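Topology and contacts: notes
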Amino acid sequence: MRWYPFFWLPVTAVVFLSVVLLSSSKAQQPAAAPPAAQPAAAVSNDVCLKCHKPIAKVYKDGFHAALSCMQCHPKGATHVEDIDTPAETDYSWEACGSCHKYQYETMKMDDPVKVGPFGGTPADPKTAPKTDDFPLLNKLIAGHGFTLEYNEDRSHKYILKDHIDIKRKQNTACLNCKSTAVAYNWNTEWKGIKLNETADWKEVIARLPKETMDYGMACSHCHDPHAPRLRIIRVAMMEAIKKRGVNPYWEEKNAKSFEEADDQQQKTLVCAQCHVEYTCGPGSDKVVRDYFPWRKMRDLHDHYAKEFNYQQDWKHGITGESLIKSQHPEVETFWESKYERAGASCSSCHMPKLTWGGKTFTSHWMTSPYKYLDRYIKGDKQYGAYPCVQCHPTIPAEKLMAQAQRVQKHVFEVQKNAQEALSDCIDAIAAAKKAAEGGGAVDAAKLQEAVKHHQLAHVRWENLVVSENSMGFHNPEEVLMELGKAIDFARKAQLLALQAVRPTPSSAQKTATKTTTKPAAPTKPKTGSAR
């Protein structure tokens, strides 16, 4: 910096002015992440690439070609000397954040407020149980571990921490979304254990990188660190794509691999590594699975009945019958929506472009569009954005936000009716089973038909409004239609269960005696009386 224009100022004034100028400059840009720890000894990249040939070409042609392999593989030098010693991988956000400071800052963003009418990211998830919105939930999923604790999620900054700090039993398969180290090394020998769905959860947790214990998910979950491109690492998802393609519900877009998929599909698929329905942990048949059905809700019932005899999840604690407990099927719900067909991907709304210090970049604060909109409306130049403007250039942000909330509130009111209908059909099925256990005459075929209708109702309500996190907004037309079906199925189940209980002959006779009045004998007219 050249100081001679200020030669006439006192030294203290020059120092003060320089501090002000530097502070002003820094206020416009985020601070970079702390630099990643540098390895003690460096090894030429050529030494690494001689063995890692599949990586060599994309690495040399990519933006990271100037970086040392040791920057992300701190034990690389030791690995070169002793091939049995893993090079290790630095999964910390700081490893990428030292260069990608804007993405790093937005990835760390946490705003524990509830802007819309539902969901939100609470400061403490234990203060926001799902039962606040769904008061009958614990009855409708009775016997499932989620009745012990099921909360609204916090931001991605805490996904691993909140997974660990919960009352219900955790499953190792779940760690595919909570930890990149787990997903990347899945189905391999890793740190002395066979890493798959049968691995002991506590042993896996003990081996996770300490520096990632809150967030778990690294940048490399979605970004190939050796090339400037997106990627997927979720093994069960890759197997599903091999069978059904990247989007089984859009023939023209249904590429047979992630690499062949177009930009829209890839930007959805990286999120689909986690935001989908999948089976994890032991089912009611005690078999432990990690499996992507890769199907929309309407096809789950028949698929699970055929594939797993409906034993992939759990048996209801009141009816004793098998049901589906969905995970978080945002992507399948989004498939076939008007938003998808208009060209949107997950990132279109949840990761809009921001401009800081004259640089435009993709926000990695993967949050509800409401939060960007709310800040945009309030004039926040840092995190405010209007992602909807891509498709709705003439509608004011305030009007569009109000319209979106009206849609969600409508879905919420309809699902209340589904909750009540499901509760009633559970009572009717339980009563019919109790009657059968007591020796009563029960039409078994009709009762089984009631059970099937309950299953069809349950999967629609629980999948589309409880497990899915948009209160219908990802595909409002489909969700409302399927909720209507859920109500019909539940009421039909209730009616079938009531009809299945046939009165016994003795009870029918008693009923007839109580309800039939004996006719009075005719009175003889008195002789000579007038008629």
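Keep in mind that this is a model prediction, so the values were computed, not measured.

**Observations concerning the overall build of the protein**
- The helix and strand inventory of the protein stands at 22 helices and twelve strands.
- For the protein, the proportion of its 531 residues judged to be buried stands at 47%.
- For the protein, contacts bridging at least 24 residues in sequence account for 65% of all contacts bridging at least 6.
- When the accessible surface of the protein is summed, it comes to about 27500 Å², and 56% of that surface belongs to carbon and sulfur atoms.

**Here's the deal with empty space enclosed by the protein**
- Applying the stated criterion across every chain, the model contains one cavity of 30 Å³ or more.
- Estimates place the volume of the largest cavity at around 40 Å³.
- Every residue along the wall of the largest cavity is listed here: M107, M109, S155, H156, K157, H364, W365 and M366.
- Here the lining of the largest cavity is built from residues that sort into four nonpolar, three polar and one charged.

**Quick word on the packing of aromatic side chains**
- Scanning the model with the defined rule gives 18 aromatic pairs in all.
- On the basis of an interplanar angle of 35 degrees and a centroid distance of 5.6 Å, the ring pair of Y249 and W335 is categorised as tilted. Residue Y249 is found in the loop between α12 (235-244) and α13 (263-272), and its partner W335 is found in the loop between α15 (330-334) and α16 (338-341); the two are separated by 86 residues along the sequence.
- For Y249, a relative accessible area of 13% corresponds to the buried category.

**Focus: unusual backbone geometry**
- The phi dihedral of E88 is positive, around 65 degrees, even though this residue is not glycine.
- You can see E88 is positioned in the loop between α4 (76-81) and α5 (93-97).
- By relative accessible area, E88 is classed as partly exposed at 30%.
- Here the phi dihedral of E336 falls at roughly 75 degrees; this positive angle occurs in a residue that is not glycine.
- Within the fold, E336 resides in the loop between α15 and α16.

**Quick word on the pattern of salt bridges**
- This structure, assessed with the given rule, holds 25 salt bridges.
- D427 is the partner of K139 in a salt bridge, and the nearest nitrogen-oxygen pair spans 2.9 Å. You can see K139 sitting in helix α7 (residues 137-140) and its partner D427 sitting in helix α19 (residues 397-437), a full 288 residues away along the chain.
- Look at D427 and you get partly exposed, because its relative accessible area is 40%.
- In this structure, the salt-bridge partner of R154 is D162, at a minimum N-O distance of 2.7 Å.

**Remarks on helix α20 (residues 444-467)**
- For α20, with 24 residues, the first-to-last C-alpha span of 32 Å sits near the 34 Å given by 1.5 Å per residue.
- The element α20 is largely enclosed, with a buried count of 18 among its 24 residues.

**Re the side chain of H454**
- Looking at where H454 falls in the secondary structure, it is placed in helix α20.
- Residues within four places of H454 in sequence aside, it is in contact with T319, L323, L422, C425, I426, I429 and A493.

**Regarding the confidence of the model for the protein**
- Chain-level statistics for the protein give a pLDDT mean of 89 and a share of 87% at 70 or above.
- Confidence drops under a pLDDT of 50 for residues 1-28, and excluding neighbours within four residues, the segment shows six contacts in the predicted structure.
- Contacts from residues 511-531, a stretch scored under 50 in pLDDT, to residues over four places away or in other chains number one contact.

**Observations concerning the pairing of strand β9 (residues 353-356)**
- Here β9 shows one buried face, formed by L354 and W356, and one open face, formed by K353 and T355.
- Relative to strand β10 (residues 359-362), β9 runs antiparallel, the two sharing four bridges. What sits directly across from L354, in β10, is F361.
- Turn length for the β9-β10 hairpin, with the two strands adjacent in sequence and antiparallel, is two residues, and the turn residue G357 shows positive phi of about 55 degrees.

**Notes on the nonpolar core**
- By size, the foremost hydrophobic cluster in this structure holds 36 residues, and its most contacted members are W461, V465 and L483.
- Elements supplying a minimum of two residues to this core: α7, α14 (300-308), α19, α20 and α21 (476-500).
- Among the elements that make up this core, the one with the highest residue count is α19 (eight residues).
- Counting 26 residues, the second-largest nonpolar core is a separate cluster that includes I232, Y249, V270 and C274.

About the criteria used
- Residues numbered from 1 in each chain as written.
- Predicted model: local features only at pLDDT ≥ 70, side-chain atom pairs only at ≥ 80, totals over all residues.
- Heavy atoms only, no water.
- Helix = DSSP H or I, 4+ residues; strand = E, 2+ residues; numbered from the N terminus.
- Buried < 20%, exposed > 50% of the residue type's maximum accessible area, 1.4 Å probe, protein only.
- Contact = heavy atoms within 4.5 Å.
- Areas by Shrake-Rupley, 256 points an atom, 1.4 Å probe, with all protein chains shown as cover.
- 1 Å grid on protein atoms, 1.4 Å probe; cavity = no way out; pocket = protein on both sides within 12 Å on 5 of 7 lines; lining within 4 Å.
- Points joined across faces, edges and corners; volume = space filled by probe spheres on them.
- Nonpolar A, V, L, I, M, F, W, Y, C, P; charged D, E, K, R; others polar.
- Phe/Tyr/Trp six-rings, centres within 6.5 Å; stacked < 30°, edge-to-face > 60°.
- Salt bridge = Lys/Arg side-chain N within 4 Å of Asp/Glu carboxyl O.
- Expected span 1.5 Å × (residues − 1).
- pLDDT = per-residue confidence, 0-100.
- Pairing = 2+ DSSP bridges.
- Core = buried A, V, L, I, M, F, W, Y, C linked by side-chain atoms within 4.5 Å.

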